[in-house]
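Fold and geometry: a report
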Amino acid sequence: MTAEPFPEPWNQIIAANVRHVACLPLEQQQRLRQFIRIFVAEKVWEGLQGFCITPEIQVTIAAQAGLLSMGKTQTYFEHVLSILVYPDEYLRREQDQSPYGIVTERRTRMLGEAEWRGPVYLSWVDVLDGGRREVPGQNLVLHEFAHQLDMLNGRFADGIPPLNSRSDLQQWLEVCEPEYQALQKRCEQRQPGVIDCYGAQNSAEFFAVLTEAFFENARALRQQHPVCYDLLADYYQLDPAEWNIQH
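All figures in this text were calculated on a predicted structure; none of them were measured in a lab.

Backbone geometry places R133, a non-glycine residue, at a positive phi of 60°. Structurally, the position occupied by R133 is in the loop between α4 (124-131) and α5 (140-150). Take R133: its relative accessible area is 5%, and that puts it in the buried class. Phi angles above zero are rare outside glycine, and Q237 is one such case at about 55°. Its location among the elements puts Q237 in the segment after α9 (226-236). Looking at Q237, the relative accessible area reads 33%, which means it is partly exposed.

Written out as structure tokens, the structure is:
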């Protein structure tokens, strides 16, 4: 399959919808195209609420997810079996139970979700906005697939993806824990920065939001949080601060 020429219509989709790709070195662009082929072929794709899955949707999502895999350790997210796509944001029903046994139901507006050994849910409108960089600093696909990387070493996302050694883990904790606590304080004081306050909820969201900042606001992250930037540059084996991506 990968010996065949990459479909030209897919190249046109990438050029229109995923602005990051043109900034990659040619070798990494080739690796990304290999990733896209395999990812599109191996996943089960399903549109929800009557939404029709097209090659544009598949390639746009695959190209963004593949950015997380362009470093020295390439993963095809084998544990992610399906991609479920809504046309836009959607409502999720949630139940809460009080200490007295009273159950209440609420509906939460969602853009995406990542389940352990389960599907990734995505809003197509927000997928497209992220790939085209319509909302600077935010990328839904990078966020949800960062959660999937996080869950590779356990059932629950805890903000720590699989690392190579105990010393790497120690370094990760030494960098991320103080940065996470500092983010919580800044957000309590309503002082937003390059790391979005959505990441102040818990360590898992911190890693996902930090990944978004690394790829979407790389130069600002390197300037304001150089230790964080270096940590992710080492993890992803990429240096997006040197990419020339125009908003």
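Next comes the rest of the write-up.
Describing an aromatic ring pair means giving the distance of the ring centres and the angle of the ring planes. Applying the stated criterion across every chain yields a total of 18 aromatic pairs. When the centroid spacing of 3.8 Å and the interplanar angle of 10° are considered together, the rings of Y86 and Y90 count as stacked. Owing to a relative accessible area of 14%, Y86 belongs among the buried residues under this scheme. For Y90, a relative accessible area of 3% gives the class buried. Ring centres of W172 and Y235 lie 5.7 Å apart, and the angle between their planes is 75°; on these two criteria the pair is classed as edge-to-face.

Attention shifts here to the state of the cysteines. Throughout the structure, instances matching the rule amount to one disulfide. Each disulfide pairs two cysteine sulfurs, and for C187 the partner residue is C197, the sulfurs being separated by 2.1 Å. In this structure, the disulfide formed by C187 and C197 twists by about -100° around the S-S bond and is classed as left-handed. Within this pair, whereas C187 is found in helix α6 (residues 166-188), its partner C197 is found in the loop between α6 and α7 (203-216), the two being separated by ten residues in sequence. By relative accessible area, which is 17% here, C187 ends up buried.

Its volume calculated, the largest pocket comes out at about 910 Å³. Lining of the largest pocket is provided by 37 residues; of these, L140, H143, E144, Y198 and E205 occupy positions nearest its centre. When contributions to the lining of the largest pocket are tallied by element, the ones reaching two or more residues are β4 (103-110), β5 (112-114), α4, α5 and α7. At five residues, α7 tops the list of elements feeding residues into the lining of the largest pocket.

Bringing the pairing of strand β6 (residues 120-123) into the picture now. Taking every second residue as pointing to the same face, both faces of β6 are buried, with V120 and L122 on one and Y121 and S123 on the other. Pairing of strand β2 (residues 82-86) with β6, which is carried by four bridges, proceeds in the parallel orientation. Note that in β6 the partner of L84 across the bridge is Y121. With three bridges joining them, β5 and β6 adopt antiparallel strand pairing. Paired with E113 across the two strands is Y121, which belongs to β6. Linking β5 to β6, which pair antiparallel, is a turn of five residues; within it R117 sits at a positive phi near 50°.

Glancing now at the pattern of salt bridges. Think of it this way: side chains of opposite charge can pair up when their charged atoms draw near. Following the criterion strictly, the structure yields three salt bridges and no others. Across the salt bridge formed by R109 and E89, the nearest N and O atoms sit 3.0 Å from each other. One end of the pair, R109, is in strand β4; the other, E89, is in the loop between β2 and β3 (90-97), with 20 residues separating them in the sequence. The closest approach of N and O atoms between R222 and E242, which form a salt bridge, is 2.7 Å. In this pair, R222 is assigned in helix α8 (residues 218-224) and E242 in the segment after α9, connecting sequence segments 20 residues apart.

Reading the values: the criteria
Residues numbered from 1 in each chain as written. Predicted model: local features only at pLDDT ≥ 70, side-chain atom pairs only at ≥ 80, totals over all residues. Heavy atoms only, no water. Helix = DSSP H or I, 4+ residues; strand = E, 2+ residues; numbered from the N terminus. Buried < 20%, exposed > 50% of the residue type's maximum accessible area, 1.4 Å probe, protein only. Phe/Tyr/Trp six-rings, centres within 6.5 Å; stacked < 30°, edge-to-face > 60°. Disulfide = S-S within 2.5 Å. 1 Å grid on protein atoms, 1.4 Å probe; cavity = no way out; pocket = protein on both sides within 12 Å on 5 of 7 lines; lining within 4 Å. Points joined across faces, edges and corners; volume = space filled by probe spheres on them. Pairing = 2+ DSSP bridges. Salt bridge = Lys/Arg side-chain N within 4 Å of Asp/Glu carboxyl O.

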